[in-house]
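# Observations on the three-dimensional arrangement
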Amino acid sequence: MDVTVALIALVLAAPVMLVIALLVRLSDRGPAVFSHTRVGFGGKPFACYKFRTMVANSGQVLVDHLASNPEAAREWEQNWKLKHDPRITFLGHILRKSSLDELPQLINVLRGEMSCVGPRPVVPDELQRYGICAADYLKARPGLTGPWQVTGRDAMDYPSRVALDSRYVRNWSMWTDVVILGRTVFAVMKFDQAS
């Protein structure tokens, strides 16, 4: 099912992806697509693809911002996200709000590193925050979409997102995946709830 859905989606999305890649290259120096190491099935690391939504020197921008803004540092420590992230470009905001930045992950699905539906892919340091739920995360392939994306997106706090992903893995069914895929279409249209 993953391969079939990903292939169809990739064919349909190819023209949009080409336009996005061109816009990213024209709007900010650097590559259109970047990869970031995420934890996969059984703890195996993989390169997770996304359209680049941040400035080229995003690491240094984050360090400087957190050092000069204690409130942002607390927000980062609590959620691993910033509501007003200075690293994100104007085009990046649009791509994130529409979730179009995640289209390159269809390649990860075809490579068997991700599933169409599953827990949100996390970086190695973040998995430590999952506590006992980390075992559930490691039993599934991370998903292009998942339960928290269709339930509350970024309006949910971090522990709630972890609990949803854990519950999804423990109660997995094909029907649940079909429902989540259907609900994803409507969830991505709610720009106000996206990252």
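Chains are numbered independently. Their residues run from 1 in the order of the written sequence. Per-residue local features are limited, in this predicted model, to residues with pLDDT of at least 70; the limit for side-chain atom pairs, both in listing and counting, is 80 or more; totals at the level of whole chains, interfaces and linings are taken over all residues. For the side-chain quantities, the full set of heavy atoms in the structure was used; hydrogens and water were omitted.

### Observations concerning the UniProt feature "transmembrane region" (unreviewed entry) in the protein chain
UniProt positions are given in the numbering used here, feature names are shortened, and annotations may be inferred rather than shown by experiment. In this numbering, the UniProt entry assigns the feature "transmembrane region" (unreviewed entry) to residues 6-24. Helix and strand labels come from DSSP, where a helix needs a run of H or I of at least four residues and a strand needs a run of E of at least two; each type is numbered from the N terminus. With 100% helix and 0% strand, residues 6-24 has end C-alpha atoms that lie 23 Å from one another.

### Re empty space enclosed by the protein
To find leftover empty space, a probe the size of one water molecule is rolled over the atoms. Using only the protein atoms, space was sampled on a 1 Å grid; points where a 1.4 Å probe fits but cannot get out form cavities, open sets with protein on both sides within 12 Å along at least five of seven lines form pockets, and lining residues are those with an atom within 4 Å of a point. Grid points are joined across faces, edges and corners, and a volume is the space filled by probe spheres set on the points. Using the criterion set out here, one finds 1 cavity of 30 Å³ or more in the structure. The volume enclosed by the largest cavity comes to roughly 30 Å³. Contributing to the lining of the largest cavity are Val24, Ser27, Asp28, Arg52, Thr53, Met54 and Thr89.

### Description of unusual backbone geometry
Trans peptide bonds make up the majority, and among non-glycine residues the majority have a negative phi. Its identity as a non-glycine residue notwithstanding, Ser99 has a phi of 65°, on the positive side. Within the secondary structure layout, Ser99 lies in the loop between α4 (90-98) and α5 (105-110).

### A word on the pairing of strand β2 (residues 45-51)
Following DSSP output, two strands are said to pair if at least two bridges run between them. Where strand β1 (residues 33-39) meets β2, 7 bridges bridge the pair, whose relative direction is antiparallel. Along β2, the bridge assignment pairs Arg38 with Phe46. The hairpin turn running from β1 into β2, its antiparallel successor, is 5 residues long, and Gly42 in that turn takes a positive phi close to 70°.

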